[in-house]
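Structural overview
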Amino acid sequence: RYSPRAKKIYLKGKKMGYSDVILWGKNGRKTYHAYVISKSQNLKLAQAANTFKGLGLDTFFEGKKVWAKGLLKNLGQLKRLLQVKSDYPKQVELDLELTPELELEIISKAYLLFHQKNISQYFCRRTESFPRCEYQAIRADQDLEKTILEQWGVTVSHHEDILSSQNLKVEFKFLEIETQEREDFSLGFSKLNSTVRDYLNQESSLYLDNLIQLNGSEHKMKIIAEPQVQSILNQKNKIQIGLNIPFQTTSRDGFPITEWIETGLKVNFELTPHQNRVLLKYESELSAPSTNQIKTNEQSGSFFPEVGKSFSQIFQIGLEATRKEHNGPLILKDLPLIGSLLKSHSHLNTYKVFLGFVKVSYE
C-alpha cells in the first residue's frame with residue numbers, strides 16, 4: 001500500500017524472514033531486501049531504537065536487529081546503553097566510540113575491582129571502542145569478568161599465573177623448648193615465639209642446643225627435625241616422624257595384651273589456590289606414651305604463607321617430661337622425636353613445648 005502523503009510504501013509480510021521487493025519506476029526496476037518480523041519483535045526493536053535516539057546515537061535497522069552508532073561521553077549514557085543491550089541481547093548491536101575521559105574512568109573502576117579481589121597482576125588498555133583488560137591469576141575469576149563486562153562493557157582476559165604450574169618447596173622445622181619454670185614460661189610464651197621465628201628466618205639454623213633468656217630464666221631449645229617436601233597446588237602431602245611401639249593393655253578377660261601403637265608426629269597438609277594467593281591447610285597430630293596410656297594432641301588450621309619469604313608457626317604442643325631415671329625403653333629414648341617425648345634433659349620433671357614452623361618457597 002502506497003501513501004502519497006508520506007511518500008512511503010507499506011508492506012505486510014505473510015511469513016517471517018527475508019524477502020525481495022521489486023519496484024518499477026520511471027528510472028526502471030529496483031530491488032529491495034526486506035525482513036519480516038513479528039509484532040513483538042518489532043516492539044522490542046522500536047523500544048531499543050527510541051532509547052538510542054534519546055542518547056543521541058544514530059540508529060538503523062538490519063534484518064531483525066537494530067544498530068546503535070555514535071560517541072558516548074559519560075558513564076550514565078554507557079550504563080543505559082548496556083542495560084538495553086542486556087534486555088535485548090539478540091536484537092541489539094553496538095558500534096560505539098568512547099571519549100578519552102570516559103575510557104579512563106572505566107579503566108579506573110576496573111582497576112579498583114581487581115584490587116578488591118587481591119589480584120596484583122592486571123592491565124587495561126584503550127582500543128578503538130571499549131577498553132580491554134587482562135590479568136594474571138592462579139585461576140580465572142569468572143564472577144569478576146562477568147561484572148566488568150556487564151557494568152562497563154569491557155572484555156577481560158585471564159592468563160594463568162606461573163605459580164599454578166610451578167613446583168613449591170615446603171620446609172618444616174620442628175623445635176623443642178624445655179623449662180622447669182612452667183608458669184613463668186607460659187606467661188612469656190608469646191614473646192618467645194617471636195624470638196624463635198626471628199632465629200629461623202636468619203641464614204644460620206639452630207643445629208646445636210641454644211639457650212634462650214625469658215623472664216630472667218634460661219630455656220633449652222633445639223631443632224629435632226627438618227623435613228622438606230616438594231609439592232604442587234592441590235596435592236595432598238603427609239609427613240610422619242615416629243614409629244610403632246609395643247604397648248601393653250588388658251583384655252576383657254583380664255589377660256595382658258601387647259598392641260603396637262603408632263607414636264610420634266604426623267602432619268597432613270595441602271596447598272590450594274585462593275584468588276591470587278596460596279592457602280596452606282594443615283592437620284597435626286602428636287602421640288606420646290604416658291604411664292598407662294597414649295596421649296594425643298591434634299591441631300588443624302589454615303593460613304596464607306608469604307611464599308619465598310619467612311617461616312610461620314603452625315602449631316604448639318605442651319607436654320610434661322619425666323626425670324632421667326625414668327627414660328623408658330633404651331631404644332626408644334635414642335630416637336630423635338620419640339626420645340624427646342619420653343625423657344627430660346635434667347634430673348627433674350620439666351615442661352616441654354613442641355613448635356612447628358613452615359616456609360613455602362618456589363622450587
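Residues numbered from 1 in each chain as written. Predicted model: local features only at pLDDT ≥ 70, side-chain atom pairs only at ≥ 80, totals over all residues. Heavy atoms only, no water.

1. Considerations on the overall build of the protein
Along the backbone of the protein there are 8 helices and 20 strands. Across the protein, the fraction of contacts at a sequence separation of at least 24, relative to all contacts at a separation of at least 6, is 58%. Accessible area for the protein stands at about 22400 Å²; split by element, carbon and sulfur atoms hold 47% of it. (Helix = DSSP H or I, 4+ residues; strand = E, 2+ residues; numbered from the N terminus. Contact = heavy atoms within 4.5 Å. Areas by Shrake-Rupley, 256 points an atom, 1.4 Å probe, with all protein chains shown as cover.)

2. Structural notes on the sheet that holds strand 6 (residues 65–72)
The strand order across the open sheet built from 3 strands is 5-6-7, with neighbouring strands paired in mixed fashion. Of all strands in the sheet, those bounded by a partner on one side alone are strand 5 (58–62) and strand 7 (92–98). Within the sheet, the average angular offset between the axes of one strand and its neighbour, ignoring direction, is 15°. Contacts between helix 2 (residues 75–87) and the sheet are confined to strand 6 and strand 7, with strand 7 contributing the most and set at about 165° to the helix. (Pairing = 2+ DSSP bridges. Axes fitted to C-alpha atoms, helices over the stretch in contact; angles between N-to-C directions.)

3. Points about the confidence of the model for the protein
Per-chain confidence: the protein averages 76 in pLDDT, with 73% of residues scoring 70 or above. Confidence over residues 323–338 falls short of pLDDT 50; this stretch has 33 contacts with residues more than four positions distant or in other chains. Long-range and interchain partners of residues 341–347, a stretch whose pLDDT sits below 50, account for 34 contacts in this model, where long-range means more than four residues apart. (pLDDT = per-residue confidence, 0-100.)

4. Looking at the pattern of salt bridges
The tally for this structure, following the rule as stated, stands at 7 salt bridges. For the salt bridge of Glu 134 with Arg 125, the shortest nitrogen-to-oxygen distance reads 3.0 Å. A salt bridge links Lys 173 to Glu 226; its shortest N-O distance comes to 2.4 Å. A residue pair is termed long-range when its members are at least 10 positions apart, and Lys 173 in strand 11 (residues 168–179) and Glu 226 in the loop between strand 13 (217–225) and strand 14 (228–231) qualify at 53 residues. A relative accessible area of 29% places Glu 226 in the partly exposed class. (Salt bridge = Lys/Arg side-chain N within 4 Å of Asp/Glu carboxyl O. Buried < 20%, exposed > 50% of the residue type's maximum accessible area, 1.4 Å probe, protein only.)

5. What to know about helix 4 (residues 142–152)
Three- or four-residue spacings in an α-helix give side chains the same orientation, since the helix completes a turn every 3.6 residues. Buried residues of helix 4: Leu 144, Glu 145, Ile 148 and Trp 152, and no others. Angular distribution of buried residues about the axis of helix 4 spans 100°; they occupy a single face of the element. Along helix 4, the residues that are exposed and aim more than 90 degrees away from the buried face are Gln 142, Asp 143 and Glu 150. Tucked into the core, helix 4 has its buried residues touching helix 2, helix 3 (100–116), strand 9 (132–137) and strand 10 (155–160). You can read the cap of helix 4 off the contacts: a side-chain oxygen lies 3.3 Å from the backbone nitrogen of Asp 143, and it is on Asp 141. (Arc of directions from axis to C-beta. Polar contact = N/O pair within 3.5 Å; in protein donor to acceptor, adjacent residues only side chain to side chain.)

6. A few points about the state of the cysteines
Applying the stated rule across the entire model yields 1 disulfide. Across the disulfide from Cys 124 sits Cys 133; the S-S distance is 1.9 Å. Here the S-S torsion is close to 105°, and the disulfide linking Cys 124 with Cys 133 is therefore right-handed. Both residues of the pair, Cys 124 and Cys 133, belong to the buried class. (Disulfide = S-S within 2.5 Å.)

7. Observations concerning the packing of helix 2 against helix 4
Packing of helix 2 against helix 4 leaves a shortest axis separation of 7 Å and a crossing angle of 110°. In terms of orientation, helix 2 and helix 4 fall into the roughly perpendicular class. On helix 4, the residues touching Leu 75, Leu 78, Lys 79 and Leu 82 of helix 2 are Glu 150, Gln 151 and Trp 152. Taken together, the residues of the contact of helix 2 with helix 4 break down into 4 nonpolar, 1 polar and 2 charged. (Parallel < 35°, antiparallel > 145°, perpendicular 65-115°, else oblique. Nonpolar A, V, L, I, M, F, W, Y, C, P; charged D, E, K, R; others polar.)

8. Let's talk about the nonpolar core
Phe 52, Phe 114 and Ile 148 are the most contacted members of the largest nonpolar core, which has 35 residues in total. Sorting the residues of this core by element identifies helix 1 (39–54), strand 6, helix 2, strand 7, helix 3, strand 9 and helix 4 as the ones contributing at least two each. Top contributing element to this core by residue count: helix 3, with 6 residues. Those residues in contact with Phe 52, other than ones at most four positions away along the chain, are Leu 57, Thr 59, Val 66, Trp 67, Ala 68, Leu 81, Val 84, Val 92 and Leu 94. Residues Val 229, Leu 265, Leu 280 and Phe 354 belong to the second largest nonpolar core, which totals 26 residues. (Core = buried A, V, L, I, M, F, W, Y, C linked by side-chain atoms within 4.5 Å.)

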